[in-house]
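Residues per chain are reported as follows:
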Amino acid sequence: MTPVNVGEQDSPPVHEMAGQPVELLSTRAVYIPRLATMLVADLHLGKAAAYRRLGQPVPQGTTSETLSRLSQALASRPVKRLVVLGDFLHSAHVHLAHQTLDVIGAWRQKYSDLEITLIRGNHDDKAGDPPAPWNIKVVDEPYAIDGFQCRHEYVADHQTNEKTFTFAGHLHPVVTLKGRARERVRLICFVVGPDYCLVPAFGAFTGGHEYAQSRHETLYAIAQERVFAVPFQGRSHGRQGSP
């Protein structure tokens, strides 16, 4: 992975990955211009509705918020194909939440010309595939697209000898920045390694897990409409547990 240009204050970092420019967007999406393809991970649609069915008080409107940001991301670039890196729906309870299903179905109808591919993640295995009328292609990992490999969960042992560049989700990475006055701020981030990019959770109600950065990785934090590289903070090597 070769950085090409980290951009001005409001411009997304652009990298060369597998010989192609790739943008890391403040909407938590990845965009591959030559392929007119956008990648997102871990939407967990219907999570709040599933929790409410279990009697837990949680925020309203998180599915609509997630889909609104997805619309914003799609409007920012010319996109022909959307690839979801796993965990599109949160659980099987979503299929019983008719209002939530109606919201997602209406969004899909608005983008009926958009090709959407879902790579099954651990939550998709439990939730089941999206309803057939949504016209979402569902595949198992790994899923190849023109020089890239897409997965839900990145595992180094899955790499080929050619080291195909991999995009993955699953970990919901965040980083905590510390100030001189002992202030702290926790930010969602991308993780970029030599032959992989870990994409942050896209959903509005997903939470995050502090990422243990290694020296060969760069974290790109998201703050409002900015995406910026975080200096290495001396974390030990390794990745956090599974969401």
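A short tour of the structure in this document, coming up.

Rules used throughout
Residues numbered from 1 in each chain as written. Predicted model: local features only at pLDDT ≥ 70, side-chain atom pairs only at ≥ 80, totals over all residues. Heavy atoms only, no water. Buried < 20%, exposed > 50% of the residue type's maximum accessible area, 1.4 Å probe, protein only. Helix = DSSP H or I, 4+ residues; strand = E, 2+ residues; numbered from the N terminus. Pairing = 2+ DSSP bridges. Phe/Tyr/Trp six-rings, centres within 6.5 Å; stacked < 30°, edge-to-face > 60°. Lys NZ or Arg CZ within 6 Å of the ring centre and 35° of its normal. Core = buried A, V, L, I, M, F, W, Y, C linked by side-chain atoms within 4.5 Å. Salt bridge = Lys/Arg side-chain N within 4 Å of Asp/Glu carboxyl O.

Here the focus is the pairing of strand β2 (residues 14–17). What you see with β2 is a clean split: His 15 and Met 17 sit on the buried side and Val 14 and Glu 16 on the side with no burial. Pairing between β2 and strand β3 (residues 20–24): four bridges, direction antiparallel. Opposite Met 17, over in β3, you have Gln 20 as the bridge partner. Count of turn residues in the β2/β3 antiparallel hairpin: two residues, of which Ala 18 carries a positive phi of about 55°.

Per the stated rule, a full pass over the model turns up six aromatic pairs. Considering the side-chain rings of Phe 148 and Phe 165, the 6.2 Å spacing of their centres and the 90° angle between planes classify their relative orientation as edge-to-face. One end of the pair, Phe 148, is in strand β10 (residues 148–150); the other, Phe 165, is in strand β11 (residues 165–168), with 17 residues separating them in the sequence. On the accessibility criterion, Phe 148 (1% relative accessible area) is buried. Looking at Phe 165, the relative accessible area reads 5%, which means it is buried. Aromatic pair Phe 148 and Phe 167: ring centres 5.2 Å apart, planes at 50°, arrangement tilted. Placement of Phe 148 in strand β10 and of Phe 167 in strand β11 is noted, with a sequence separation of 19 residues between them. Phe 167 shares its class with Phe 148; the two are buried. Following the ring pairs from residue to residue traces out a cluster consisting of Phe 148, Phe 165 and Phe 167. The cationic tip of Arg 69 hangs over the ring face of Phe 202; the distance from NZ or CZ to the ring centre is 4.6 Å.

Let us now look at the nonpolar core. Core analysis: the biggest nonpolar cluster contains 27 residues, and Met 38 and Phe 88 have the highest contact counts within it. Looking at this core element by element, the count peaks at four residues for helix α2 (residues 62–75). Judged by nonpolar contacts, the second largest core, of 25 residues, contains Met 17, Val 30, Ile 145 and Phe 165.

Another aspect to go through is the pattern of salt bridges. One pass over the structure, following the stated rule, counts five salt bridges. Its salt-bridge partner being Arg 77, residue Glu 23 comes within 2.7 Å of it at the nearest N-O pair. Of the two residues, Glu 23 sits in strand β3 while Arg 77 sits in the loop between α2 and β6 (81–84), which places them 54 residues apart along the sequence. Arg 77 sits in the partly exposed class, given a relative accessible area of 22%. In this structure, Glu 141 and Arg 151 form a salt bridge, with 3.8 Å as the shortest nitrogen-oxygen distance. Placement of Glu 141 in the loop between β8 (137–139) and β9 (143–145) and of Arg 151 in the loop between β10 and β11 is noted, with a sequence separation of ten residues between them. Among the charged side chains, a network of salt bridges with common partners joins Arg 120, Asp 129 and Asp 140.

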